[in-house]
Protein chains: 2
Amino acid sequence: MPKVLPFKQVDVFAEELYKGNPLAVINCMDIDASEVTTEQLQSIANWTNLSETTFLFKPTEAGCDYKVRIFTPGSELPFAGHPTVGSCKAFLEFTGIKKDTVVQQCGVGHIELSVTSDQKISFKAGPTIVEDITDKNITDYEATMNIKTIERPKLLKVGPNWLVCLVKDSEEVLKVEADLAAMEALDKANGHTGIILGGLKKGCTTDDEYEIRAFAPIEGVPEDPVCGSGTLSFIRYLQEINQNKETKTLHVTQGARVGRSGNLYCKIDVLPGGKVDYYVGGYSTSIINGTITL
Amino acid sequence: MPKVLPFKQVDVFAEELYKGNPLAVINCMDIDASEVTTEQLQSIANWTNLSETTFLFKPTEAGCDYKVRIFTPGSELPFAGHPTVGSCKAFLEFTGIKKDTVVQQCGVGHIELSVTSDQKISFKAGPTIVEDITDKNITDYEATMNIKTIERPKLLKVGPNWLVCLVKDSEEVLKVEADLAAMEALDKANGHTGIILGGLKKGCTTDDEYEIRAFAPIEGVPEDPVCGSGTLSFIRYLQEINQNKETKTLHVTQGARVGRSGNLYCKIDVLPGGKVDYYVGGYSTSIINGTITL
C-alpha cells in the first residue's frame, strides 16, 4: 500500500523566489522510521534530482525537535548547510510549532538553530578543521581560475573539504571562468570537495560584505548556486586570517553567475575567553507544498 | 501578489514508482497566458533542476485540449517525448476529463495522444528525418563505446538529433562504459544531441523486445534514464533497416544502468498505401501533488 506523506520544496537562502538553493523535504514524523528503508530514501533523492533531499523523523534523542536524514542523488550525508536551514523551515511549517531555538538531530550530532521573529533561520556550526596545503597545490589551483590570491589559501574541513581562496574583490570573483576539468583532477588527487572563491564586495568600506562562488566539479556540480557549508568555510577562513577579537556579523552573497541571488547572514561570535562560534543563516520560502507518494 | 498554481511531479514511462523519468508540470490553465513571462517560466525550470518542466495553458487553436510550453533548465523546447506523455497525464488529472484521444498544442504543432482505459498514454510522432553519416564518424563513435554495430548507424532528426547504433543484444548494450569526453567532442563537432544505443533483449526470439541507452554528455546528461525521443528514434531506425510491411508493436526497456526501470510501448503502424506512423507510450504516476508559488 503506497504511503502518502507531506512534501515541501523549499527555496533556501534567498528573499526573492527561485533565487536560492532548492531542497526537497519529506515529513516522515507521523510514521515509524522502520516503515521506510535507506534504499527507498536514496531512490527518492535520486529521482528529485536536487543537490539534496531530506527526510524528517521524530527525534530519538532527548532535547531534539526532529531528526533529519540528508541524501544527495548518490549518497547519504551526515550534515550539510542548506539542507539544515531548509529542513528547519519545513519542520516549523509542517508542525505549526513556533519557537526561537530548534535543535536538529543528524549524523554529526545535535545542531542548534535560531529563528528570528521574521523567520531568518541560522545554524551554529560544529567543530571545523583548518589545514595548510602545499605551495605547489596553491599555484596549481590558482592556475585553474587564473587568479592571484591575496592571502594563503587553506583547506577547511567542515564535513565537505573546501579549499578557500580569497581574491581582491567581488569583481575578481565574478569574472573567473574556471577550468573545471583541471580543477576536478586536482580535487581528485587531493581528496578535496571543491573550491570556495571569495572577495570583498567592490566598494565595501566596512569589511563585512563578501561575494563568494563554490565550484565542485568532482561532485557533478560545476557551480553550486548557494552553498551553506561553503559559506561557513569562508567565514571560518576569514577569522583564521583576521583573528577578530570582537564579534562580527557578515553578509555573504552568492549565485550571481548562475542566475541566483543568495543571501547568507553570518556571525563570527567571539566569546569571553577567546572561544569562537560561527553562525550561518538566511531566509527560505516553501515554493512547492503538497504530498509525495512513497 | 504571488500566484499559487496547481503542481504535479510525474514519474513518466514506468509502472514502478521512482523508476521512470521525472517531469514537473504546472497548471496555468486557469490564468491568462499573459500573466506569466518566459523569463519567469525559465527561472522555474532552472530551479526544479529536472531535465524538463512543462506549463499547461488553455489552447489557442481549435481542436486542441491544452497548450504546453516545455523548458529544460537552460532553454525552451518545441517538443520532447517524456514531457508530452507526462503533460497529458497531468492534464487529465488536473481537469478530471476522461477521454481516449487528447490533442496537445506545442511548438511543433498538434500532437495526437491516445489514452487506454488503464491510462497508458501514447503520442503519435510527427515527421522524422533519417540521414547517413560518414564511415569515419561511424568508426569514431564505435570507438567511444568500444562496440561493433551490426547495422550501419544513422542520424535520426526527431527534434533532437540522435545517432542510433544497434548492437547484437541487450548484454552488449548494458556492458558499455562510454568514453563521454570523446563522445561529447564528436557530438559537438557534428551537431548531434547524443547516442541511442540499442539491442534485442538477450534470448528474445520474437524480435520485439529491445533494451536501449541514451547518452547526451553535450546536454549535461551523461545518461538519460528514460528518453521518449530516443525511443522514437530507435523504432524509426528499426523500420528503416527492417522495412516491415505489417504493423508491429515493440517493447523497449531503458534505465537499468542508472537505477531506473523504464518501459516504453511502441507501435510501427504500416498503413494501407505504405505510409508509416510511429507511436511511443507508457504508464506514468503523479508522485508529488500540490501547489507551486510563482
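Draft legend 1. Highlighting the overall build of chain A. Scanning chain A for helices and strands turns up 6 helices and 18 strands. A compact globule built from 294 residues should have a C-alpha radius of gyration of about 19 Å, and chain A, at 19 Å, falls within 12% of that. Overall, chain A is about 60 × 45 × 30 Å in size when its C-alpha atoms are taken along their principal axes. Among the 294 residues that make up chain A, the fraction classed as buried is 55%. Considering only contacts in chain A between residues 6 or more positions apart, those separated by 24 or more positions represent 64%. As displayed, chain A has an accessible area near 11800 Å², and 50% of this comes from carbon and sulfur atoms. Computing the positive centroid from 29 side-chain charges and the negative centroid from 39, chain A places the two 1 Å apart.

Draft legend 2. Broad picture of the nonpolar core. Counting residues in each nonpolar core, the largest one holds 49 residues, and the members touching the most others are Tyr66(A), Cys88(A), Val102(A), Phe123(A), Phe234(A), Ile235(A) and Val280(A). Residues from two domains meet in this core; each of domain 1 (4–124 + 283–293) and domain 2 (129–260) of chain A gives at least three. In terms of nonpolar packing, the next biggest core, distinct from the first, is built from 48 residues, Val68(B), Ala90(B), Val102(B) and Tyr237(B) among them.

Draft legend 3. Molecular detail of the relation of the copies chain B and chain A. Once chain B has been moved 0.0 Å along the axis and rotated by 180 degrees, it coincides with chain A to within an RMSD of 0.0 Å. Each copy turns onto its partner about a two-fold axis. Minimal C-alpha distance to the rotation axis in chain B is attained by Gly290(B), lying at 1.9 Å.

Draft legend 4. Layout of the side chain of Asp65(B). Residues and elements named next belong to chain B. Mapped onto the elements, aspartate 65 comes out in the loop between strand S3 (53–57) and strand S4 (66–71). On the accessibility criterion, aspartate 65 (15% relative accessible area) is buried. A polar atom in the side chain of aspartate 65 sits 2.6 Å from the side chain of lysine 99. Only 2.7 Å separates the side chain of aspartate 65 from the backbone nitrogen of valine 103, close enough to count as a polar contact. With residues up to four places along the chain from it excluded, the contact list for aspartate 65 reads Met29, Pro59, Phe91, Lys99, Thr101, Val102 and Val103.

Draft legend 5. Broad picture of the interface of chain B and chain A. With 27 residues of chain B at the contact, the number on the chain A side is 27 residues. With both chains or domains summed, chain B and chain A bury close to 2200 Å², and 55% of this area falls on carbon and sulfur atoms. When the area that chain B buries against chain A is broken down by residue, the three leading residues are Tyr18(B), Trp47(B) and Ile288(B), summing to 37%. Where chain B touches chain A, the interface holds 0 salt bridges. Linking chain B to chain A there are 11 residue pairs in polar contact (both at pLDDT 80 or more). Taken together, the elements giving at least two residues each to the side of chain B that touches chain A come down to strand S1 (4–12), strand S2 (21–27), helix H1 (38–48) and strand S18 (284–293) of chain B. Of all the elements, S18(B) adds the most residues to the side of chain B that touches chain A, at 8 residues. Looking at the side of chain B that touches chain A residue by residue, the class counts come to 13 nonpolar, 12 polar and 2 charged.

Draft legend 6. Spatial organisation of the domain arrangement of chain A. All names here are of chain A. Per the domain assignment, the segments of chain A are domain 1 (4–124 + 283–293) and domain 2 (129–260). Once you take the C-alpha centre of each, domain 1 and domain 2 turn out to be 26 Å apart. Facing the 10 residues of domain 1 at the interface are 9 residues of domain 2. When the two sides are added together, the surface that domain 1 and domain 2 hide from each other amounts to roughly 700 Å², 58% of it contributed by carbon and sulfur.

Draft legend 7. Broad picture of the environment of Leu113(A). Residue and element names in this part refer to chain A. Relative to the helices and strands, leucine 113 resides in strand S7 (residues 109–115). Residue leucine 113 is classed as buried on the basis of its relative accessible area, which comes to 1%. Expressed as a C-alpha distance, the spacing of leucine 113 and threonine 101, which sit 12 residues apart in the sequence, is 5.7 Å. Setting aside its immediate chain neighbours within four residues, leucine 113 contacts Tyr66, Thr84, Cys88, Asp100, Thr101, Val102, Gln104, Ile121, Ser122 and Phe123.

Draft legend 8. Inspection of the UniProt feature "active site" (unreviewed entry) in chain A at higher detail. Residue and element names in this part refer to chain A. Under the local residue numbering, the UniProt record ascribes the feature "active site" (unreviewed entry) to Glu52. In this structure, glutamate 52 sits in the loop between helix H1 (38–48) and strand S3 (53–57). For glutamate 52, a relative accessible area of 12% translates into the label buried. Excluding residues that lie within four positions of it along the chain, glutamate 52 makes contacts with Leu23, Ala24, Ile70, Phe71, Thr72, Leu77, Ala80, His82 and Pro83. Of the polar contacts made by the side chain of glutamate 52, one reaches the side chain of serine 51; its length is 3.1 Å.

Draft legend 9. Here's a closer look at the pairing of strand S12 (residues 194–200) of chain B. All names here are of chain B. S12 sits mainly inside the fold: 6 of its 7 residues count as buried. Sheet topology places strand S11 (residues 161–169) next to S12; 7 bridges connect them, and they run parallel. Bridging from a neighbouring strand, leucine 163 pairs with isoleucine 195 of S12. Note that S12 and strand S13 (residues 209–216) share 6 bridges and pair antiparallel.

Draft legend 10. How the structure looks around the packing of aromatic side chains. All names here are of chain B. The final tally for this structure, using the stated rule, is 12 aromatic pairs over all chains. Relative to phenylalanine 71, the ring of phenylalanine 55 has its centre 5.7 Å away and its plane inclined at 85 degrees; by these criteria the two rings are edge-to-face. Placement of phenylalanine 55 in strand S3 and of phenylalanine 71 in strand S4 is noted, with a sequence separation of 16 residues between them. Consider the rings of tyrosine 210 and phenylalanine 234, whose centres lie 5.3 Å apart with planes at 70 degrees: the pair is edge-to-face. In this pair, tyrosine 210 is assigned in strand S13 and phenylalanine 234 in helix H6 (residues 228–242), connecting sequence segments 24 residues apart. Among the residues examined, phenylalanine 234 registers a relative accessible area of 0% and is labelled buried. In this structure, lysine 8 packs its charged tip against the face of phenylalanine 94, placed 5.3 Å from the ring centre. The ring of tyrosine 279 carries lysine 267 above its face, with NZ or CZ at 5.3 Å from the centroid.

Draft legend 11. Summary view of the environment of Lys168(A). Residue and element names in this part refer to chain A. Tracing the chain through its elements places lysine 168 in strand S11 (residues 161–169). For the pair lysine 168 and isoleucine 150, spaced 18 residues apart in sequence, the C-alpha separation works out to 6.4 Å. Once you skip the residues sitting within four places of it in the chain, lysine 168 turns out to touch Ile150 and Leu200.

Draft legend 12. Expanded view of the side chain of Glu223(B). Among the structural elements, Glu223(B) can be located in strand S14 (residues 221–224). Setting aside its immediate chain neighbours within four residues, Glu223(B) contacts Arg213(B), Ala214(B), Phe215(B), Arg257(B) and Val258(B).

Each value, and the rule that gives it
- Residues numbered from 1 in each chain as written.
- Chains lettered and ligands numbered in written order.
- Predicted model: local features only at pLDDT ≥ 70, side-chain atom pairs only at ≥ 80, totals over all residues.
- Heavy atoms only, no water.
- Helix = DSSP H or I, 4+ residues; strand = E, 2+ residues; numbered from the N terminus.
- Rg over C-alpha atoms; globule rule 2.2 N^0.38 Å.
- Buried < 20%, exposed > 50% of the residue type's maximum accessible area, 1.4 Å probe, protein only.
- Contact = heavy atoms within 4.5 Å.
- Areas by Shrake-Rupley, 256 points an atom, 1.4 Å probe, with all protein chains shown as cover.
- Lys, Arg positive; Asp, Glu negative; His and termini not counted.
- Charge placed at Lys NZ, Arg CZ, Asp CG, Glu CD.
- Core = buried A, V, L, I, M, F, W, Y, C linked by side-chain atoms within 4.5 Å.
- Domains from an automatic or database assignment.
- Least-squares fit on C-alpha atoms with pLDDT ≥ 70 in both.
- Polar contact = N/O pair within 3.5 Å; in protein donor to acceptor, adjacent residues only side chain to side chain.
- Buried area = accessible area lost by both parts, 1.4 Å probe.
- Salt bridge = Lys/Arg side-chain N within 4 Å of Asp/Glu carboxyl O.
- Nonpolar A, V, L, I, M, F, W, Y, C, P; charged D, E, K, R; others polar.
- UniProt positions renumbered as here; feature names shortened; annotations may be inferred.
- Pairing = 2+ DSSP bridges.
- Phe/Tyr/Trp six-rings, centres within 6.5 Å; stacked < 30°, edge-to-face > 60°.
- Lys NZ or Arg CZ within 6 Å of the ring centre and 35° of its normal.

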